[in-house]
Amino acid sequence: MPKYTMYAPKLSNVPWQEKPEGHINSPLWRYTENPIIDRNPLPGVTRIFNSAVMPYEDKFVGVFRGEQTNGVPYIYLGWSQDAVHWDFEPEKIPFVDEEGKPFMPIYAYDPRLVKVEDTYYIIWCQDFYGAAIGVAKTQDFKHFVRIENPFLPFNRNAVLFPRKVHGNFMMMSRPSDSGHTPFGDIFISESPDMVFWGKHRHVMSRGNSWWEGLKIGGGAAPIETSEGWLLFYHGVTQTCNGYVYSIGGAILDIDEPSKVKYRCNNYLLTPEEWFEERGFVPNVTFPCATLHDPETGRIAVYYGAADSYVGLAFGYLDEIIDYIKDNSKTTNDDTELGRR
Ligand code: BMA
């Protein structure tokens, strides 16, 4: 009998491999065929990483950060039957404005993809006189309408919740600066219509432990569970040799998600494999999405690796929640409502 419940649509074809014998130190284990997307995945694109996927009809769809050969990041659409092998559309996603006119961001990176009610939202980081958040919506993955930018610059790592709370859309973000931000906490904002955002609250601070001591940022869209919202996020530390990005786990209160109930003091995944340690930016594991199945409790985490590849890791809901709870350490900044 599972201990905890996941509230999400059934997904029996979630990609999966059982835990390898002797696996220790984390409730997540890696897919043996990682990385699932290699270099030069399509003409004009040198690397795909930090990307998000979802089930759609009888297959899977994804929004992929593609670094073009001119160095500018953009978002590409991909399709898959098994969520492991991907076919990419050769052209960038053709965003339009609300009148249907082409409206392409100058650059776009780290997309997330979240379905709320009957609409799919793509959320990414783009230029808005500095790094800020962009949003588009689609219902058919053919027409992509950009809506208002939710926040002022500078901001990154926006993650939409898969359902409304208090009757409002909920979006986490990480206010930052214009460079490789050496600080950062996760905040949450509410909106009745995806246009006007307010009721800003602080969710959690950097710094409970060394691996996330510099900055943190939202990762995958949170998963609704009987214990609260399960959040995979990234935590960054600074070493004498640069930043290291690990994957962390926390559980947020279901009705007041600015309150952190549990926060794992240990990382759930940290760069250890060649494709995570070696690449355009070494030592990066950067979660952007999960696929998950409530019946089996299986969760597949999609993460960018070394700003060069996409990796896949697996875990069971019960084991992940127990690990987070057993190793939880929270501060006042985490557990309070986050309004000052
Ligand atoms: C962050 C973002 C991510 C990237 C990471 C490591 O600031 O730009 O896209 O994966 O740095 O380079």
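Here's a quick rundown of the structure. All values derive from a computational prediction rather than experimental measurement.

This part is about the site of the ligand. Taken together, Asn 50, Arg 65, Tyr 109, Asp 110, Tyr 245, Val 281, Val 284, Phe 286 and Asp 307 make up the full set of residues adjacent to the ligand. Separating an oxygen atom of the ligand from a side-chain N or O atom of Asp 110 is a distance of 2.6 Å. Measuring from an oxygen atom of the ligand, one finds a side-chain N or O atom of Asp 307 at 2.6 Å. When the ligand is considered free in solution it has 310 Å² of accessible area, and contact with the protein chains removes 85% of it.

To continue, consider the pattern of salt bridges. Scanning the model with the defined rule gives 18 salt bridges in all. A salt bridge links Glu 67 to Arg 65, with the shortest nitrogen-to-oxygen separation between them at 2.9 Å. Classification of Glu 67 as buried rests on a relative accessible area of 7%. Note that Asp 110 and Arg 65 form a salt bridge whose closest N and O atoms lie 2.7 Å from each other.

A separate point is the pairing of strand β3 (residues 59–68). For β3, a buried count of nine out of ten residues is recorded, marking the element as mostly surrounded by other parts of the structure. Relative to β3, strand β2 (residues 45–56) runs antiparallel, the two being bridged by nine bridges. Note on β3: the bridge partner recorded for Met 54 is Val 61. The antiparallel pairing of β2 with β3 creates a hairpin that spans two residues between the two strands, and Glu 57 there sits at a positive phi of about 50°. In terms of strand pairing, β3 meets strand β4 (residues 73–80) through eight bridges, oriented antiparallel. Among the inter-strand pairings, Phe 64 is bridged to a residue of β4, identified as Tyr 76.

For the structure on display, the rule yields 25 aromatic pairs. Ring geometry for Tyr 56 and Tyr 120: centres 5.6 Å apart, planes at 80°, overall edge-to-face. A residue pair is termed long-range when its members are at least 10 positions apart, and Tyr 56 in strand β2 and Tyr 120 in strand β8 (residues 119–127) qualify at 64 residues. Neither residue differs from the other here; Tyr 56 and Tyr 120 are each classed as buried. Arranged with centres 5.0 Å apart and planes meeting at 75°, the rings of Phe 161 and Trp 229 form a pair that is edge-to-face. In this pair, Phe 161 sits in the loop between β11 (155–160) and β12 (169–175) while Trp 229 sits in strand β17 (residues 228–239), placing the two residues 68 residues apart along the sequence. We classify Phe 161 as buried; its relative accessible area is 1%. Take Trp 229: its relative accessible area is 0%, and that puts it in the buried class. Each member of the aromatic cluster is reached from another via a ring pair, and the members are Tyr 56, Trp 79, Phe 95, Tyr 120, Trp 124, Phe 141 and Phe 144. Across from the ring centre of Tyr 74, 5.0 Å away, lies the NZ or CZ of Lys 92, which sits over that ring.

The subject of this paragraph is the sheet that holds β2. A sheet is described by the order of its strands in space; here four strands give the open sequence β2-β3-β4-β5, paired in antiparallel fashion. If you trace the sheet from one side to the other, it starts and ends with β2 and β5 (87–92), each paired once. The mean angle between the axes of side-by-side strands here comes to 30°, regardless of whether they run parallel or antiparallel.

Another aspect to go through is the nonpolar core. One finds Ile 36, Trp 86, Leu 113, Ile 122, Phe 141, Leu 291 and Tyr 302 to be the most contacted residues of the largest nonpolar core, which totals 44 residues. Taken together, the elements giving at least two residues each to this core come down to β2, β3, β4, β7 (108–116), β8, β20 (285–293), β21 (298–305) and β22 (309–316). It is β2 that contributes the most residues to this core, six residues altogether. If near-sequence neighbours (up to four positions away) are discounted, Leu 113 is found in contact with Ala 52, Val 53, Met 54, Val 61, Gly 62, Val 63, Tyr 120, Tyr 121, Ile 122 and Phe 141.

Rules used throughout
- Residues numbered from 1 in each chain as written.
- Predicted model: local features only at pLDDT ≥ 70, side-chain atom pairs only at ≥ 80, totals over all residues.
- Heavy atoms only, no water.
- Near = heavy atom within 4 Å.
- Polar contact = N/O pair within 3.5 Å; in protein donor to acceptor, adjacent residues only side chain to side chain.
- Areas by Shrake-Rupley, 256 points an atom, 1.4 Å probe, with all protein chains shown as cover.
- Salt bridge = Lys/Arg side-chain N within 4 Å of Asp/Glu carboxyl O.
- Buried < 20%, exposed > 50% of the residue type's maximum accessible area, 1.4 Å probe, protein only.
- Helix = DSSP H or I, 4+ residues; strand = E, 2+ residues; numbered from the N terminus.
- Pairing = 2+ DSSP bridges.
- Phe/Tyr/Trp six-rings, centres within 6.5 Å; stacked < 30°, edge-to-face > 60°.
- Lys NZ or Arg CZ within 6 Å of the ring centre and 35° of its normal.
- Axes fitted to C-alpha atoms, helices over the stretch in contact; angles between N-to-C directions.
- Core = buried A, V, L, I, M, F, W, Y, C linked by side-chain atoms within 4.5 Å.
- Contact = heavy atoms within 4.5 Å.

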